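Read off the chains here:
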Amino acid sequence: MKNCKVRLDFDEIEEIGQEGKNSKVFLAHDNQLDGNIVIKEIQKKDGVPYEEYFKEARLLYANNHNNIVKVNYACEDDDNIYIAMPYYKNGSLKKKISESNYLTIREVIRYSIHFLSGLNHIHSKGLIHFDIKPDNILISDSNEAMLSDFGLSLYTDTYGFCSAEAFYTPHVTPEQLRGLHQTIKNDIYQAGLTMYRMVNGNNFLYAQIPTTGTPPAFDNDLFKENIIRGKFPDRKLYLPHVPKKLKKIIKRCIEPNPNDRYDNTLQIINDLSSIDENLDIRYFKNAANEYWEYPKGYYIYKIELLPKADKFDIKVCKRKDGRTTNCNTQCSNNIDSTQVISKLEAIFALSYE
Ligand SMILES: Nc1ncnc2c1ncn2[C@@H]1O[C@H](COP(=O)(O)OP(=O)(O)O)[C@@H](O)[C@H]1O
Ligand SMILES: [Mg+2]
């Protein structure tokens, strides 16, 4: 048998992985292939056995699927492990759901079905991902969501159990906090949180992390209690255009008791496929205003929420070929803040009749 120790030759172009905590991720030029790739560089740690070095790369390679990021090769030098991957220039789902760019319900369903398909594939092989979150879902050149970052993934025992070695605090699960064994339902919970962030925007979840004192500091005890009791995140707090069916799906994913959650990702995919309301409404929010837009017939409708003193106006306009043809504020003037959500929900319910 011939054993080849080979030499690789790539130049770092720029760091792209500011979202990652455990590695350095950079765009590189592979001089031998003469093309751009992405390198994930992971520092070797004392005490980690050699077989563990390539664990993440091997998992990616062994779990090849349309909705899981590809790996080109893996290698090492004295200090680091390097995982070479294709460059997904659209970046992560987290980047997509940054405050200024809300997804439509159709986009949420589409991306969710993609990443859940990737997740279903690894679950069928007895692997738990343990780090499902928008930063770890990349968007391919054909606009498909791809599951990535298998740094925390573990195979279950023959009973389907195992225990994560680490977690990302906002996505920690009730069973992890209670010190129980974990199953694929751990990923289902995190998939639910990911969908919650996709429909409501990223900061919506972070804003619910409890704080205490002045200056405000993270309230760890209350945070844990809220997760175990199913109060983080708030199951009733949603943007008004989010369909009931989708809220129900997310709720069932993030049930505090794993037995009450979906049994597998295919069931979630099935339920997502049946949503047919408010698919193309897009929410916009900036420093100046807050509004929703959707196409209906020849028109684009714009529903604007206008704050005035302690009340709100809702303005409904429609436009065609860039020209606004009709505006209506008659029925929605001077609304109390407590009525805003139900008023908007009623308008959106009419939008798809
Ligand atoms: N192949 C890739 N193409 C484009 N961006 C990537 C790629 N791999 C990782 N990234 C970016 O780098 C970030 C960190 O990568 P990740 O594998 O999640 O590392 P970590 O284990 O440190 O979290 C991702 O959230 C994403 O923004
Ligand atoms: Mg990551």
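Predicted, not measured: the structure shown is a model, and the values here were computed from it.

Rules used in this analysis
Residues numbered from 1 in each chain as written. Chains lettered and ligands numbered in written order. Predicted model: local features only at pLDDT ≥ 70, side-chain atom pairs only at ≥ 80, totals over all residues. Heavy atoms only, no water. Pairing = 2+ DSSP bridges. Helix = DSSP H or I, 4+ residues; strand = E, 2+ residues; numbered from the N terminus. Axes fitted to C-alpha atoms, helices over the stretch in contact; angles between N-to-C directions. Parallel < 35°, antiparallel > 145°, perpendicular 65-115°, else oblique. Left-handed = near helix turned anticlockwise from the far one by under 90°. Contact = heavy atoms within 4.5 Å. Nonpolar A, V, L, I, M, F, W, Y, C, P; charged D, E, K, R; others polar. Donors = N, O, S within 2.8 Å, 3.2 Å for Na, K, Ca; no water. Buried < 20%, exposed > 50% of the residue type's maximum accessible area, 1.4 Å probe, protein only. Expected span 1.5 Å × (residues − 1). Arc of directions from axis to C-beta. Phe/Tyr/Trp six-rings, centres within 6.5 Å; stacked < 30°, edge-to-face > 60°. Disulfide = S-S within 2.5 Å. Domains from an automatic or database assignment.

Okay, the sheet that holds strand β3 (residues 35–43) next. If you trace the five strands from one edge of the open sheet to the other, you get β1-β2-β3-β5-β4, paired in antiparallel fashion. A single partner strand is all that each edge strand has here, and the edge strands are β1 (10–15) and β4 (73–76). Put simply, the sheet's adjacent strands are angled 35 degrees from each other on average, direction ignored. Pairing between β4 and strand β5 (residues 80–85): four bridges, direction antiparallel.

The omega torsion of the bond from T214 to P215 falls at -5 degrees, within 30 degrees of zero and hence cis. Position of P215 among the secondary structure elements: in the loop between β10 (211–212) and β11 (217–218). Here the residue pair F232 and P233 is connected by a cis peptide bond, since its omega of -5 degrees sits within 30 degrees of zero. Tracing the backbone shows P233 in the loop between α8 (220–228) and α9 (244–253). Although it is not a glycine, F130 sits at a positive phi angle of roughly 70 degrees. Here F130 is to be found in the loop between β6 (127–128) and β7 (137–139). Even without a glycine there, the phi angle at N143 is positive, about 65 degrees. Tracing the backbone shows N143 in the loop between β7 and β8 (145–147).

Glancing now at the packing of α9 against helix α10 (residues 265–273). Between two packed helices, both the angle of their axes relative to each other and the distance between the axes serve to describe the pair. Contact geometry for α9 and α10: axes closest at 10 Å, N-to-C directions at 165 degrees. The angle between α9 and α10 falls in the class roughly antiparallel. Crossing handedness for the pair α9 and α10: left-handed. Contacts between α9 and α10 involve L246, I249, R252 and C253 from the first element and Q267, I268, D271 and L272 from the second. Considered class by class, the residues forming the contact of α9 with α10 number five nonpolar, one polar and two charged.

A few words on the environment of I341. Residue placement: I341 occurs in helix α11 (residues 340–351). When neighbours within four sequence positions are excluded, I341 is seen to be in contact with Y238 and P240.

Glancing now at the coordination of the magnesium ion (ligand 2). Taken together, the protein donors to the magnesium ion (ligand 2) comprise N136 (OD1) and D149 (OD), at separations of 2.1 to 2.2 Å. Here D149 lies in the loop between β8 and β9 (154–155) and N136 lies in the loop between β6 and β7, a separation of 13 residues in the sequence. You'll find N136 and D149 in the same group, each marked buried.

Let us now look at α11. The α-helix advances 3.6 residues per turn, and as a result positions three or four apart in sequence lie on the same side. Taking 1.5 Å of rise per residue, 12 residues should cover 16 Å, and α11 covers 17 Å from first to last C-alpha, within 8% of that figure. The set of residues buried in α11 consists of V340, L344, I347, F348 and S351. Viewed along the axis of α11, the buried residues span an arc of 95 degrees, placing them on a single side of the element. Lining the buried residues of α11 we find β13 (290–296), β14 (299–308), β15 (311–320) and β17 (335–336).

Below, the discussion takes up the packing of aromatic side chains. This structure, assessed with the given rule, holds 15 aromatic pairs. With 5.3 Å between their ring centres and 65 degrees between their planes, Y50 and Y53 make a pair best called edge-to-face. In this pair, Y50 and Y53 both sit in helix α1 (residues 50–53), three residues apart, roughly one turn of the helix. For the pair Y299 and Y301, a centre-to-centre distance of 6.5 Å together with 75 degrees between the ring planes defines the contact as edge-to-face. Judged by relative accessible area, Y299 falls into the partly exposed class, the value being 24%.

Taken as a whole, this structure holds zero disulfides when the rule is applied. Counting only cysteine sulfurs, C4 is the nearest neighbor of C75, a cysteine outside any disulfide, at a range of 15 Å. In this structure C75 comes out as buried when scored by relative accessible area, which is 15%. For C162, which is in no disulfide, the shortest distance to another cysteine sulfur is to C253 and amounts to 19 Å.

Before going further, it helps to examine the domain arrangement of the chain. Each domain of the chain was delimited in the assignment, giving domain 1 (10–86), domain 2 (93–273) and domain 3 (282–349). Distance from the C-alpha centre of domain 1 to the C-alpha centre of domain 3: 47 Å.

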